[in-house]
Amino acid sequence: MNIVELTAQNIKRLRAVKITPSPGDHVVQITGRNAAGKSSVLDAITMALGGADHHASMPIRRGEERAEVVVDLGELVVRRTFTGKGSYLSVETTEGARYPSPQAMLDKLYGDLTFDPLEFMRLKSQQQRDRILNVCGLTDKLDALQAKYSAAFTNRTDVNRVVKRLQGALVEYEDLPPTRPGPVDVSELLEWRRARQRARDEVVGKVAHINDLDRDRTNHDRVRQRLEREIVLLQRELAIGREKAHEMQAHIDEAKSELAAARAECDRTDIPSIDEIDRQIAESQQVAVMVQRFEAADRLRSELNDAVQEAHELNVRLERIETGKLNLLHEHQAPVPGLSIRDDGVYFNDVPLDQASAAEQLTVSLAIGMAANPELRIMLIRDGSLLDSHSLDVISQFAAERDYQVWIESVDESGKVGIVIEDGEVVATNGAPTNGDGAKGPA
């Protein structure tokens, strides 16, 4: 669809204009002095077809209470009315049938009516890339892939930190011998030691008892000798003394017998040594420590292997995401031969687009803008004063080849170029004066 006729009244700086492009005229130039209302013509088209996001903060001409813009697209007639209470939209067919949801229908009809090729050419390479992705509808898909990439990248960073930590921890176990010792049951050795200790204590006790008996024997012998000396001196206590001496001798004999038995038993029993057991216990404890160190090293190696495997899987995932992004971009290139979208920007024939010739940049920009609006074949270009004659020829030829209608706003004070706007009205078309409503009148 192209614009067959544009009528606007009291839109921004406009008073009342009617513009009817000639059939087959693919370039519509809106010219005039600064502040004459040229931009308001393009704004009227945008506000008529776009939703509330495209409306100016003050759409009604100063001093007026109502404004209206009508865009005749041939098959459809779009009418947008502005009042102090808001805007009202209607879309009718040529037969007079109205659409119940006019804005929803218009939203499906056009893609990006605000795409301006000249503005696109002035963007930085990364901004151009983002704009093309938005035009191709790839922004959300790439954002989703980038979110997955960022999450995987962050996860891989965390895993790599774990890998480094585990590798550092394993340095402590580099001195372990190549052969792993078997586990040691210290409880058996300890029980053995306790039994030996009990036997040792029993022998030591018997020796102590023997020593006590020997001391008793010595003491009894001294008493006997003393008593024998006292026998001479104490005849009167002889009977008693003899009786006591007899009893004492019996004790001595008993002590001698016990002493002889104890000595014989001691001679037959060796005092057990526990040094060897203590040595084996100490060695078993060292082996147990080494076993624990081997087990700790095994755990660290297992954790390290798991972390390295996880890092590898994350690397594979990142590569797959990058491949998915490249495939997505490859499958949705803008319809310009030689144009490619990469992570760092936009390329044309493998050269950054901003390094291509001005004609090539303009051609690419036009193609992207036209791809953004395949149904409503209208493009709006502001700052058209920056275009030279060659650029205008490129635009005209490109639009004709694709049956597109390009509206260009530019400053011109000659009054002989395009549709001339002055004080919010059409005063001339290609140098021919009009009668005030856009139609040609007598010169």
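Residues numbered from 1 in each chain as written. Predicted model: local features only at pLDDT ≥ 70, side-chain atom pairs only at ≥ 80, totals over all residues. Heavy atoms only, no water.

## Here we look at the packing of helix α9 (residues 358-372) against helix α10 (residues 389-401)
Contact pair α9 / α10: the axes reach a minimum separation of 10 Å and the direction vectors enclose 35°. Note on packing geometry: the crossing formed by α9 with α10 is right-handed. Touching Ala359, Leu362, Thr363, Leu366, Ala367 and Met370 of α9 are His390, Ser391, Val394, Ile395, Phe398 and Ala399, all from α10. Partitioned by chemical class, the residues of the contact of α9 with α10 number nine nonpolar, three polar and no charged. (Axes fitted to C-alpha atoms, helices over the stretch in contact; angles between N-to-C directions. Helix = DSSP H or I, 4+ residues; strand = E, 2+ residues; numbered from the N terminus. Left-handed = near helix turned anticlockwise from the far one by under 90°. Contact = heavy atoms within 4.5 Å. Nonpolar A, V, L, I, M, F, W, Y, C, P; charged D, E, K, R; others polar.)

## Re the pairing of strand β8 (residues 345-348)
Two elements, strand β7 (residues 339-342) and β8, share four bridges in a ladder whose sense is antiparallel. Pairing of isoleucine 341 across the sheet is with valine 346, part of β8. The turn joining β7 and β8, which pair antiparallel and follow one another in sequence, is formed by two residues. Here β8 folds back onto strand β9 (residues 351-352), and the loop between the two strands holds two residues, one of which, asparagine 349, carries a positive phi near 55°. (Pairing = 2+ DSSP bridges.)

## A look at the sheet that holds strand β12 (residues 419-422)
Strand order in this open sheet of six strands is β10-β11-β3-β12-β13-β14, and the pairing throughout is mixed. The sheet is open, and its two edges are formed by β10 (378-381) and β14 (432-433), each paired on a single side. Pairing of β10 with strand β11 (residues 405-411), which is carried by four bridges, proceeds in the parallel orientation. The residue of β11 that forms the bridge with isoleucine 378 is glutamine 405.

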